[in-house]
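Geometric and topological summary
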Amino acid sequence: MRAQERGVLGVVGTGAGGVETLRTGLVEPALARGWRVAVTLTPTAGRWLRATGEADRLARLTGLPVRDAPRLPGEARPHPDADCYVVAPATANTVAKLALGIADNQALTQLGEALGIPAVPVVVFPKINTAHARHPAWQGHITTLREAGVHLVQGPDVWPLHGPRAPTPRQDLPWPAVLAALDQATN
Ligand SMILES: Cc1cc2nc3c(=O)[nH]c(=O)nc-3n(C[C@H](O)[C@H](O)[C@H](O)COP(=O)(O)O)c2cc1C
């Protein structure tokens, strides 16, 4: 597949451990699949990835600025419209806000709009622990997103949940499952 033949993939990273592997785990493989990639980060993830120089590396790699703040009203949109979104890793916070329609940062503004555009698939990998999953509102958020057509990457085979206070075994983010969900959502 030639470069950028697939359309524009909006990649959204949030403030969850493992977001530092966004480039190698998701962006580079998506570029290799022929997507043009536009990266948007939540303010937390933006702070983390700017501190390490990773945001600059992502911008150089994709040829587009990494967004973690809204534009001014008079500024041009820095990204082309996305044909598909992948949110990975997605914090419990971002999943909850997306389900509720809260759009208080640039990433959620784009994602909330995408949920209302049937032609734009949205893939979400919630990177959560057992405490997040037991929050009384969690299952409702997941049901809302599933009913909105969101492709959820989850389950014990993909991301086994661990308690928040126990030492967690080292787990790489399930990038192959995220990429498989992207392929399935867009083929
Ligand atoms: C080192 C570190 C790792 C974190 N990992 C996670 C995580 O895996 N999942 C999660 O839901 N929150 C995690 N958090 C908490 C989120 O960063 C926090 O809830 C933040 O407000 C999320 O904002 P965002 O959803 O806008 O990125 C982590 C925080 C820190 C400091």
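In this text the structure is predicted, and so the values were computed from the model without any measurement. (Residues numbered from 1 in each chain as written. Predicted model: local features only at pLDDT ≥ 70, side-chain atom pairs only at ≥ 80, totals over all residues.)

Attention now goes to the environment of Thr143. Looking at the secondary structure, you find Thr143 in helix H7 (residues 138-147). Taking the C-alpha atoms as reference points, Thr143 and Ala99, 44 residues apart in sequence, are found 8.9 Å from one another. (Helix = DSSP H or I, 4+ residues; strand = E, 2+ residues; numbered from the N terminus.)

Let's shift gears to the sheet that holds strand S2 (residues 35-41). Judged by pairing direction, the sheet is parallel, and its five strands sit side by side in the order S2-S1-S3-S4-S5 without closing on themselves. Of all the strands in the sheet, just S2 and strand S5 (151-152) have a single pairing partner and so form its edges. Note: strand S1 (residues 7-13) against S2, seven bridges, orientation parallel. Its bridge partner lying in S2, Val11 is registered against Val39. (Pairing = 2+ DSSP bridges.)

In this section: the packing of helix H4 (residues 92-100) against H7. Following both chains from N to C, one finds H4 and H7 inclined at 60°, their axes separated by 9 Å at the closest point. Our classification of the angle between H4 and H7 gives oblique. H7 is crossed by H4, and the crossing has left-handed handedness. Contacts between H4 and H7 pair Val95, Ala96, Leu98 and Ala99 from the former with His141, Thr144 and Leu145 from the latter. Across the contact of H4 with H7, the residue classes break down as five nonpolar, two polar and no charged. (Axes fitted to C-alpha atoms, helices over the stretch in contact; angles between N-to-C directions. Parallel < 35°, antiparallel > 145°, perpendicular 65-115°, else oblique. Left-handed = near helix turned anticlockwise from the far one by under 90°. Contact = placed C-beta atoms within 7 Å. Nonpolar A, V, L, I, M, F, W, Y, C, P; charged D, E, K, R; others polar.)

Turning our eyes to something else, we now look at the site of the ligand. Of all residues adjacent to the ligand, which total 14 residues, the nearest are Thr14, Gly15, Ala16, Thr42 and Thr91. Looking at the shell around the ligand, the elements with two or more residues in it are helix H2 (43-51) and H4. When residues in the shell around the ligand are grouped by element, the largest group, three residues, is from H4. Partitioned by chemical class, the residues of the shell around the ligand number four nonpolar, nine polar and one charged. (Near = placed C-beta within 6 Å.)

We now examine the UniProt feature "domain: Flavoprotein" (unreviewed entry) in the protein. With numbering matched to this structure, UniProt assigns "domain: Flavoprotein" (unreviewed entry) to residues 10-145. Measuring from the first to the last C-alpha atom of residues 10-145 gives 18 Å, for a span that is 45% helix and 17% strand. (UniProt positions renumbered as here; feature names shortened; annotations may be inferred.)

The next subject is helix H3 (residues 54-62). Taken together, the buried positions of H3 are Glu54, Ala55, Leu58 and Thr62. One face of H3 carries all of its buried residues, which in axial projection span an arc of 105°. For H3, exposure combined with an orientation more than 90 degrees from the buried face picks out Asp56 and Arg60. Buried residues in H3 make contact with helix H1 (22-32), S2 and H2. (Buried ≥ 20, exposed ≤ 12 C-beta atoms within 10 Å, placed from the backbone. Arc of directions from axis to C-beta.)

A few words now on the pairing of S1. Taken across its seven residues, S1 has five buried, putting it largely inside the fold. Handedness of the crossover joining S1 and S2 through H1 is recorded here as right-handed. Judged from the four bridges that link them, S1 and strand S3 (residues 84-90) form a sheet pairing that is parallel. Within S3, the residue paired with Val11 across the bridge is Val86. (Right-handed = clockwise from strand over helix to strand, strands pointing away.)

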